[in-house]
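Each chain, written out:
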Amino acid sequence: MAFFIVVLAVLLVIAVGSLFIPVTPVEGLPADPSARAARDILWDRVMPATGGLRFRSAFLGELGARSPARPPDRGRIARARELLERSRAAHPFEPRVVAALGHLELARRRADRAETYYRRAIDLRAHCSEARLGLGVALALEAETTTDALLRRGLELRALAQFAAIGPRSECALDALYDRIEMLERVGRHAEARACAHEYRSRDSTSAWAGKLQEDLSAAK
């Protein structure tokens, strides 16, 4: 009995301590030559279509507020994929490489396959921010392609949950907050969207994304 009491006490201390220990997001690319070479092939040359949502990654770059998606370059993507698979073989438990494979599928306009990779990355490390951002975008894109209203609503809410799960310490924090606002509007939670927009403007009031957000919210009224 005393042993079990001690075990429960230890678990309680761990649980309470976890509430006060800041979560460190998993971001960027690993220091692996193959992963870096794959990044160099595609960096700022390929960008997925996101349906109006923000997206960034340490692998492809950042989508601009006014810049269109860049079409998939099959040759570059094939070479990059080969290098990423080599990196994955060397580091099978590295979530950032798995997330990068998801980015490739997203760039190829294959949201369902991107979703699979992003979920694998999150299974490896729950705080892989780029995987959550990419998964949210992939789910939102899947929602746009279905005619089933109930399924669409479910996909949009799941996308919203992914954006909300990205913490403020992440490099993707503003991207996630922007996308969260967009999804809140899409599911009709307008009061929450405006509350989040107020938070967004307190952190970014001058960028092109801030201007686009204001335009979108004005059009939604």
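Residues numbered from 1 in each chain as written. Predicted model: local features only at pLDDT ≥ 70, side-chain atom pairs only at ≥ 80, totals over all residues. Heavy atoms only, no water.

### Some points on the nonpolar core
Selection rule: Among the buried residues, those of types Ala, Val, Leu, Ile, Met, Phe, Trp, Tyr and Cys that are joined through side-chain atoms within 4.5 Å form a nonpolar core. We call a residue buried when its accessible area falls under 20% of the maximum for its residue type, exposed when it is over 50%, and partly exposed in between, using a 1.4 Å probe and counting protein chains only. Helix numbers and strand numbers start at the N terminus; a helix is a DSSP run of H or I with at least 4 residues, a strand a run of E with at least 2. A contact between two residues is defined here by any heavy atoms of the two lying within 4.5 Å.
If you look at the biggest cluster of nonpolar residues, it comprises 62 residues, and the most contacted ones within it are Leu-42, Phe-59 and Ile-181. Broken down by element, the residue count for this core peaks at nine residues, all from helix H6 (residues 129-145). Excluding residues within four positions of it along the chain, Ile-181 makes contact with Ala-193, Cys-196, Ala-197, Tyr-200, Leu-213 and Leu-217.

### Some points on the confidence of the model for the protein
Threshold: On a scale of 0 to 100, pLDDT captures the predictor's confidence in every residue.
Confidence along the protein averages 89 in pLDDT terms, with 89% of residues attaining 70 or more. Counting interchain partners and residues more than four positions distant, the pLDDT-below-50 stretch residues 9-21 has zero contacts.

### Concerning the packing of aromatic side chains
Heads up, the rule is: Side-chain rings of Phe, Tyr and Trp, where Trp is taken by its six-membered ring, are said to pair if the distance between their centres is within 6.5 Å; with planes under 30 degrees apart they count as stacked, over 60 as edge-to-face, and otherwise as tilted. The criterion is that NZ of a Lys, or CZ of an Arg, lies within 6 Å of the ring centre and within 35 degrees of the ring normal, and then a charge sits over that ring.
Applying the stated criterion to the full structure yields two aromatic pairs. Ring centres of Tyr-178 and Tyr-200 lie 6.1 Å apart, and the angle between their planes is 65°; on these two criteria the pair is classed as edge-to-face. Note that Tyr-178 is positioned in helix H8 (residues 173-186) and Tyr-200 in helix H9 (residues 190-203), a separation of 22 residues in sequence. Tyr-200 shares its class with Tyr-178; the two are buried. On the basis of an interplanar angle of 70° and a centroid distance of 4.9 Å, the ring pair of Tyr-178 and Trp-209 is categorised as edge-to-face. Taken together, the positions of Tyr-178 in helix H8 and Trp-209 in helix H10 (residues 208-220) put the pair 31 residues apart, joining distant regions of the chain. The two residues Tyr-178 and Trp-209 agree in class, both being buried. Through a chain of ring-to-ring contacts, three or more aromatic side chains come together here, namely Tyr-178, Tyr-200 and Trp-209. The ring centre of Tyr-117 lies 5.4 Å from the NZ or CZ of Arg-120, which sits over that ring.

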